[in-house]
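# Coordinate analysis (summary)
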Amino acid sequence: MTSLTIMERSLIAQTRLDYARRRILARLLLLPIFNWVFAAPTAEQLLLVPQELRTCDTSFVSEIEHGMFGLGGTVASMGNGSIFDIKPPSQIWAHDLHGFSWLRHLSTVGSEKTIIIARHFINEWIERYGSWEGLPWQPDVVGRRIFSWIANTEHVLGGSAPDFYDKFLKSLSVQMKFLSSCWFSAAVGPPRLTALIGLTVGDFCISGREEFLRKSERYLELEVERQFFIDGGHISRNPHFVVDALLDLIPLRSCYCSFDRPLPEKIAEAIPRMLRFLHFMRLGDGSLARFHGAGTPPFHTLAMLSAYADTNTIMQVGIPNIASQSGYIRLTGGNAILMFDGSRPPPMQFAANAASCCLSFEFSIGAYPIFVNNGTPTELEKEWLARSRATASHNTLVLGAQSSSEIINHRALLRLLGNAPIKLPEKVSINVEGDDKCTTLVAQHDGYLSRFGFLHRRKLQLAKSGHWLAGRDQIISSQQKVRLPHDISFSIHFHLHPIVRCLSETSSVILEIILPNNSLWRFTAKGATLSVEESIYYADLIGPTHTQQIVLRGSCFKDQTVHWCIEKVR
């Protein structure tokens, strides 16, 4: 457990107080005496149905027929009872169950059988969960459920009996009243955004809620502005959160367009910036760079979102090489792409899934990734989570077998955020220059300064042709030369994507990409001992996959410099 500064303790106390205040206020506003504030006439009709952009799985119906219910990467057995009697195999599974986003799988099939199944599950949920308590009534879960119910009403309500129709709309009205009064008690970050999007969609699509819509869209506009940078990235620095937000914001934008109503200005400006950010963060194979909690690449979703991007503007203006607020740098040469993390971890409230990956990079040639961070495991492999967040799981230097960031292991934060956030480095500097031969990036962080008295400085040079990438990693004293009484070990990691095979030699490593282009690359190093070791790639579509990593190892008691290079052989 790392020691906390006075400022950090103050921030934790403020976070706890704010959370408690929001919870108490939300409970007070749910009292009958405040019905006049949030109550609206019971919904009589839906004015519009938002489009569901999330990918659909037509095999979902077959799973149900075989007594299985798969959500959040986990499959549970239904047995002979209800899906709501199942003991949730994971927290994500439970969130997805009560969020009803799986209705889209039934709507895609669109048969009489799936209509009956969908109505049965909705009716059962309404009868079981009316107490406004527990996980089914967490604001983000309610927001997701409202969005999902409304987005699938054509399938669910079409030709339904009057009693089910009335029960459905009455439940929606109750959920909207609840969410109107307590959306602000949702956890900071994506959960609060999900709650507000669900509230705004409900106010827009349900008749008689025009007065409430003006409030919800104003709150949503402020939250979008608070969570997303000018460059389109999310304050958590997790690229996948941008994807999740766009899957909800784009359908909301379409609703406004259908009624020829202007979308709130800040939201309208944020969506194209977020789409451009996704272009910025993609490697040659189409995947998002694996930084700060990004896991399995959502290839189909990214391809679909690309259709909503203004490609003409992107082609004319080009993709920038720096997302300064998000802290990422993109270098290109030929068909090579390098993505670099050049910033400190996100603020504590948003760092529960952040990783110790400062000055790490990912590198692809054409459609083939070569060096990739290990990524984040799914809920099924959460025992790997701590390891995946460590510096050693990223393509950068590790000093003294310790990560460059430190865990803030505080019980209150674990309860409020769901995981321990990280801190350090405090100061990160970066500079990018270019000439006719290559683009040069020089960056430095102080994550190891308080423990060892050293800084990590990294220099990367990518050829304009894309045929070589040269690096220099330095362990340097901050001001005057430091000489320690004992050696400190260091290691520099280069994790290979599973499609890459490593053939070891005496003084170099040849990388052979196991794909039709049959290209060969040679990796060489000076100033450290080179070895090829095992690694685990957590972000594979089939789950954690064994792969390899090149590791440069050594020890130092004073300043140290290591040079390395990867260049095309064939």
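Conventions adopted
Residues numbered from 1 in each chain as written. Predicted model: local features only at pLDDT ≥ 70, side-chain atom pairs only at ≥ 80, totals over all residues. Heavy atoms only, no water. Helix = DSSP H or I, 4+ residues; strand = E, 2+ residues; numbered from the N terminus. Rg over C-alpha atoms; globule rule 2.2 N^0.38 Å. Buried < 20%, exposed > 50% of the residue type's maximum accessible area, 1.4 Å probe, protein only. Contact = heavy atoms within 4.5 Å. Areas by Shrake-Rupley, 256 points an atom, 1.4 Å probe, with all protein chains shown as cover. Lys, Arg positive; Asp, Glu negative; His and termini not counted. Charge placed at Lys NZ, Arg CZ, Asp CG, Glu CD. Pairing = 2+ DSSP bridges. Axes fitted to C-alpha atoms, helices over the stretch in contact; angles between N-to-C directions. Parallel < 35°, antiparallel > 145°, perpendicular 65-115°, else oblique. Left-handed = near helix turned anticlockwise from the far one by under 90°. Phe/Tyr/Trp six-rings, centres within 6.5 Å; stacked < 30°, edge-to-face > 60°. Lys NZ or Arg CZ within 6 Å of the ring centre and 35° of its normal. Salt bridge = Lys/Arg side-chain N within 4 Å of Asp/Glu carboxyl O. Patch = residues over 30% accessible without salt bridge, like charges linked within 9 Å, V, L, I, M, F, W, Y side chains within 5 Å.

Attention now moves to the overall build of the protein chain. Across its full length, the protein chain holds 18 helices and 21 strands. For a compact globule of 570 residues, the expected C-alpha radius of gyration is about 25 Å, and the protein chain comes in at 25 Å, within 12% of that figure. Taken along its principal axes, the extent of the C-alpha atoms in the protein chain is 75 × 55 × 50 Å. A buried classification covers 55% of the 570 residues belonging to the protein chain. Considering only residue pairs separated by 6 or more positions, the protein chain has 69% of its internal contacts joining residues 24 or more positions apart. In the structure as shown, the protein chain presents an accessible area of about 24700 Å², 53% of it carried by carbon and sulfur atoms. The averaged location of the 52 negative side-chain charges in the protein chain is 7 Å from the averaged location of its 56 positive side-chain charges.

Once that is clear, we can look at the pairing of strand β18 (residues 520-526). Looking at chain direction, strand β17 (residues 508-513) and β18 are connected through 5 bridges and run antiparallel. Directly across from S508, in β18, lies its bridge partner T524. Note that β18 and strand β21 (residues 560-568) share 6 bridges and pair antiparallel. By the bridge assignment for β21, W521 is matched with K568.

Turning our attention to the packing of helix α12 (residues 239-258) against helix α14 (residues 299-306). Two elements in contact, α12 and α14, have axes whose closest approach is 11 Å; the angle formed by their N-to-C orientations is 45°. One finds that α12 runs oblique with respect to α14. Where α12 crosses over α14, the two elements pack in a sense that is left-handed. Counted together, V243, L246, L247 and I250 of α12 and T301, L302, M304 and L305 of α14 form the full contact between these two elements.

Let us now look at the packing of aromatic side chains. Under the criterion given, the structure shown has 35 aromatic pairs. Between the aromatic rings of F69 and F121, the centroid separation amounts to 5.9 Å while the plane-to-plane angle is 90°, which identifies the pairing as edge-to-face. Of this pair, F69 sits in strand β1 (residues 68-71) while F121 sits in helix α6 (residues 112-128), and the two are 52 residues apart along the sequence. Given a relative accessible area of 0%, F69 falls into the buried group. Relative to F452, the ring of Y448 lies with its centre 6.1 Å away and its plane at 45°, an arrangement referred to as tilted. Just above the ring of Y219 sits the side chain of R218; from NZ or CZ to the centre is 5.6 Å. Directly above the ring of Y328 sits R237, whose terminal nitrogen or CZ lies 4.6 Å from the centroid.

What follows concerns the sheet that holds strand β15 (residues 488-495). Spatially, the 4 strands line up as an open sheet ordered β8-β15-β20-β19, and their pairing is antiparallel. At either end of the open sheet lies a strand with only one pairing partner, and these are β8 (397-399) and β19 (529-537). In this sheet, neighbouring strand axes are inclined to one another by 30° on average, regardless of whether the strands run parallel or antiparallel.

If you walk through the whole model with that rule in mind, you get 19 salt bridges. For the salt bridge of R128 with E124, the shortest nitrogen-to-oxygen distance reads 3.4 Å. Of this pair, R128 and E124 both sit in helix α6, 4 residues apart, roughly one helical turn. We note a salt bridge from R344 to E426, for which the minimum N-O separation is 3.5 Å. Here R344, found in the loop between β5 (336-341) and β6 (361-365), pairs with E426, found in the loop between β10 (422-423) and β11 (428-434); they are 82 residues apart in sequence, far enough to count as distant. The class for R344 is partly exposed, based on a relative accessible area of 37%.

On the basis of which strands lie adjacent, the open sheet formed by 8 strands has the order β11-β12-β13-β14-β21-β18-β17-β16 and antiparallel pairing. Two strands bound the open sheet, and with one partner strand each, they are β11 and β16 (500-504). Taken over all neighbouring pairs, the strand axes of this sheet differ in orientation by 15° on average, direction set aside.

We now examine a nonpolar patch on the surface. Among the surface-exposed residues, I24, L28 and L31 lie close enough to one another that they form a single nonpolar patch of about 270 Å² accessible area. Relative accessible area serves as the criterion here: at 39%, L31 is assigned to the partly exposed category.

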